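Listed below, chain by chain, are the residues.
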Amino acid sequence: MAETGHSVRAADVLADVLAQVRERVDRREALGEAQVAVLEAAVNIVRAGQTGLDAMPAERSALVREALGAVRAATVATGVALTYAHRTARVPA
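Residues numbered from 1 in each chain as written. Predicted model: local features only at pLDDT ≥ 70, side-chain atom pairs only at ≥ 80, totals over all residues. Heavy atoms only, no water.

An account of the overall build of the protein is needed here, citing residue identities and associated values.
Across its full length, the protein holds three helices and zero strands. In the protein, the order of α-helices and β-strands from amino to carboxyl end is α-α-α. For the protein, the C-alpha radius of gyration of 16 Å lies well beyond 12 Å, the compact-globule estimate for 93 residues. For the protein, the spread of C-alpha atoms along the principal axes amounts to about 55 × 20 × 20 Å. Per-residue burial for the protein yields a buried fraction of 24% across its 93 residues. Within the protein, the 11 negative side-chain charges are centred at a point lying 7 Å from the centre of the 11 positive side-chain charges. (Helix = DSSP H or I, 4+ residues; strand = E, 2+ residues; numbered from the N terminus. Rg over C-alpha atoms; globule rule 2.2 N^0.38 Å. Buried < 20%, exposed > 50% of the residue type's maximum accessible area, 1.4 Å probe, protein only. Lys, Arg positive; Asp, Glu negative; His and termini not counted. Charge placed at Lys NZ, Arg CZ, Asp CG, Glu CD.)

Structure, rendered in C-alpha cells:
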C-alpha cells in the first residue's frame with residue numbers, strides 16, 4: 001500500500017470512532033463488547049498496513065496479533081449476543 005496519508009487518516013478516524021463507542025456502549029452486554037472489538041481490530045489492521053511500518057516488522061507483527069485477538073473477541077461476543085437474541089425471541093412476553 002503506497003503511503004498517501006489515506007491509511008493514516010483512516011486509522012485516526014477509526015480511533016476516534018472507537019473512543020466514542022467506548023464511551024457510549026455497555027461493554028457488559030455482548031453486543032457492546034463485539035462493537036468495541038471490531039473497531040479495535042479495524043484500527044490495528046489499518047495501522048499495520050501503513051507503509052512506514054515496513055521497516056518495523058516487530059511493530060507490524062504486534063498490531064496484527066492484537067487485531068487477531070480483537071477479531072476472536074468479536075466472534076465470541078457476537079456468538080453470545082446471537083444466542084441471547086435467539087433465547088429472548090423464544091420467550092413469550
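I'd like to hear about the side chain of N44, residue by residue, with values.
Within the fold, N44 resides in helix α2 (residues 30-48). Excluding residues within four positions of it along the chain, N44 makes contact with L63, E66 and A67. (Contact = heavy atoms within 4.5 Å.)

Which residues make up α2, and what are the values?
Taking 1.5 Å as the rise per residue, α2 with 19 residues should run 27 Å; its terminal C-alpha atoms sit 27 Å apart, in good agreement. Taken together, the buried positions of α2 are G32, A34, V36, A37, L39, A41, V43, N44 and A48. Elements that come into contact with the buried residues of α2 comprise α1 (6-24) and α3 (57-90). (Expected span 1.5 Å × (residues − 1).)

Please give an account of the pattern of salt bridges that cites residues and values.
With the rule as written, the count across this model stands at three salt bridges. Where R22 meets E40, a salt bridge forms, and the shortest distance between an N and an O atom there is 2.5 Å. Here the residue R22 occupies a position in helix α1, and E40 occupies one in helix α2, the gap between them amounting to 18 residues. A salt bridge links D26 to R28; the shortest N-O distance between them is 3.0 Å. (Salt bridge = Lys/Arg side-chain N within 4 Å of Asp/Glu carboxyl O.)

Can you break down the packing of α1 against α2 residue by residue, with the values?
Between α1 and α2, the shortest axis-to-axis distance is 9 Å and the interhelical angle comes to 160°. When the axes of α1 and α2 are compared, the pair comes out roughly antiparallel. For the pair α1 and α2, the crossing hand works out as left-handed. Between α1 and α2, the contacting residues are S7, A10, A11, L14, A15, V17, L18, V21 and R22 on the first element and Q35, V36, L39, E40, A42, V43, V46 and R47 on the second. Here the residues of the contact of α1 with α2 are counted per class, giving twelve nonpolar, two polar and three charged. (Axes fitted to C-alpha atoms, helices over the stretch in contact; angles between N-to-C directions. Parallel < 35°, antiparallel > 145°, perpendicular 65-115°, else oblique. Left-handed = near helix turned anticlockwise from the far one by under 90°. Nonpolar A, V, L, I, M, F, W, Y, C, P; charged D, E, K, R; others polar.)

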